[in-house]
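Tertiary structure, described
The primary structure of each chain is shown beneath.
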Amino acid sequence: METEGGSSGLVQSAAVKLSEMSERTKQIGTAMRDPHQQRRIILVIVCVALLLDNMLYMVIVPIIPDYLADLESEQSEYIHIHSNASTNSTDQAKSNKDNLDVQIGVLFASKAMLQLLVNPLSGTFIDRVGYDIPLLIGLTVMFLSTCIFAFAENYATLFVARSLQGLGSAFADTSGIAMIADKYTEETERSKALGIALAFISFGSLVAPPFGGILYEFAGKRVPFIVLATICLADGVLLLTVIKPFSNRTRENMPVGTPIYKLMVDPYIAVVAGALTVCNIPLAFLEPTIANWMETTMHSTKWEMGLTWLPAFFPHVLGVYITVKLASRHPHLQWFYGAVGMVIIGASSCTVPACKTFGQLIAPLCGICFGIALVDTALLPTLAFLVDVRHVSVYGSVYALADISYSVAYAMGPIVAGQIVHNLGFVQLNLGMGLVNVLYAPALLLLRNMCQMKPSHSERDNLLEEAPQGLYDTIKMEERRGKKKGYSSAGNCLPVDENGFDAFGAQRSFSEESSGPEYT
């Protein structure tokens, strides 16, 4: 009897625990279906993807030059042993070093070059199919490229891995940032969410070199890439669990986005894209050149060269925080924050060659990263705002343009910067970059009046050839109004006037003048 009573108690206890686990699972499922909770999880997924992409971009900085040098020395020894030709060892060493520098420059630039070529196609693809599937494609390609990096043993395989990373970035970065802009429709929330994403980008870029260098030194080449591949795989699984891209049917009713070539000729978007390229040139050009300059002029140690950019992470995050706070109070001054950031970048860039010690160098590098934070945090949300007020609110192509802007700077950096330093000098390189930033800042005045507009008062019918997309403007307006009230009108049937809606008068006349067939 006692045995039967004990077993029945165990059964009851197990049943209670199973019931509690079932309730918790239901609560988690309900929470994940909640729009506000889901978009927070989406923000985490996108931020991790951006972190991984930028860590993989920069983690090779301390690894690849040393690894390729070892491969080069092994090949030289093999040729020396098996060759009877007598050559000048000094000339041979100089030739090998020049060849190695070219290989490193091409390898570093290959990622941005392929990203630059693929972005116009990826932006159009994202506009057609939505944001979730391209993000999954990007994470998958990044996972494959990271695994190839881990097990690559020659230059050709490293080049393939680096190029694959550019392909993955063209999908993951663009769709991720576009997804944030789509989920956070209010300007204040959008600026904050994009600011958080930029902080992860900065953290990935600045923490990756010491992360890769330490693990490479103590654990070997493969370990840093295996760690990043594991995180990438976990992020992809979380994406499949939360968003379920292949079961999401909302893309069937997605409106057609504005083609990327029309966004390119929009003067406001062109000004923003140009600012994003110009402000990132100092960072892109200094990364491959500053280590040699520090070694020549300051006789810096390897740890100083490895930690050059790490202190700049903190002013970058500070710049993001300040810009988000200012944008929430004075959103119409986004153009001004960007202009101030470009002036700070220009002034800081010009002071870099005057530094004589490692401690002095930290200040202008922090100034450059602080200015970049101001420009990026102010202008990335402005791109989404410009699409809202002048085009259709589909963000794949416009953020593909932003990615192209970054890729132009980082594709030129490893190749062009070295040539400029060789032909003109490091001082002239920095003065030129600083002058370009200062001279470009007044161009952002063009955005002054645009930033004071409201999304529902679109001027695209005055400035572009196409008529306004009034129907979609109205649907988006009703969705945003529904979100404010605590419900979404995405699935509601909206009556449509047979002649469509006027973009200017849609908000006033929606409830009075609409009639006819339903929009589904």
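See above for the structure.
Residues numbered from 1 in each chain as written. Predicted model: local features only at pLDDT ≥ 70, side-chain atom pairs only at ≥ 80, totals over all residues. Heavy atoms only, no water.

Once that is clear, we can look at the overall build of the protein chain. Each helix and strand counted, the protein chain has 20 helices and two strands in total. Counting every position in the protein chain, which comprises 520 residues, the buried fraction comes to 50%. In the protein chain, 84% of the contacts between residues at least 6 apart in sequence involve partners at least 24 apart. Approximately 25,000 Å² of the protein chain is accessible, and the part contributed by carbon and sulfur atoms is 63%. (Helix = DSSP H or I, 4+ residues; strand = E, 2+ residues; numbered from the N terminus. Buried < 20%, exposed > 50% of the residue type's maximum accessible area, 1.4 Å probe, protein only. Contact = heavy atoms within 4.5 Å. Areas by Shrake-Rupley, 256 points an atom, 1.4 Å probe, with all protein chains shown as cover.)

For the rest of this paragraph, the subject is the packing of helix α13 (residues 313-329) against helix α15 (residues 358-390). One way to put it is that α13 packs onto α15 with a least axis distance of 8 Å and a crossing angle of 35°. The handedness of the crossing between α13 and α15 is right-handed. For the pair formed by α13 and α15, the contact residues are Pro 315, His 316, Leu 318, Gly 319, Val 320, Ile 322, Thr 323 and Val 324 on the first element and Cys 366, Cys 369, Phe 370, Ala 373, Leu 374, Thr 377 and Ala 378 on the second. When the residues that make up the contact of α13 with α15 are grouped by side-chain class, the tally is 11 nonpolar, four polar and no charged. (Axes fitted to C-alpha atoms, helices over the stretch in contact; angles between N-to-C directions. Left-handed = near helix turned anticlockwise from the far one by under 90°. Nonpolar A, V, L, I, M, F, W, Y, C, P; charged D, E, K, R; others polar.)

Among the nonpolar cores identified, the biggest contains 124 residues, and Leu 135, Leu 276, Leu 361, Leu 380, Leu 383, Tyr 395 and Tyr 399 are the most heavily contacted of them. Counting residues per element, this core draws most heavily on α15, at 17 residues. In this structure, Leu 361 is in contact with Ile 290, Trp 293, Met 294, Met 298, Thr 308, Val 352 and Cys 355, ignoring residues within four places of it in sequence. (Core = buried A, V, L, I, M, F, W, Y, C linked by side-chain atoms within 4.5 Å.)

Counting across every chain of the model gives eight aromatic pairs. Note on Trp 293 and Phe 426: the rings are 4.6 Å apart at their centroids and 15° apart in plane angle, and the pair reads as stacked. Highlighted residues: Trp 293 in helix α11 (residues 290-297) and Phe 426 in helix α17 (residues 426-440), separated in sequence by 133 residues. Since its relative accessible area comes to 11%, Trp 293 is described here as buried. For Phe 426, a relative accessible area of 8% translates into the label buried. Judged by centre distance (5.8 Å) and plane angle (75°), the rings of Trp 335 and Phe 336 are edge-to-face. For Phe 336, a relative accessible area of 40% corresponds to the partly exposed category. (Phe/Tyr/Trp six-rings, centres within 6.5 Å; stacked < 30°, edge-to-face > 60°.)

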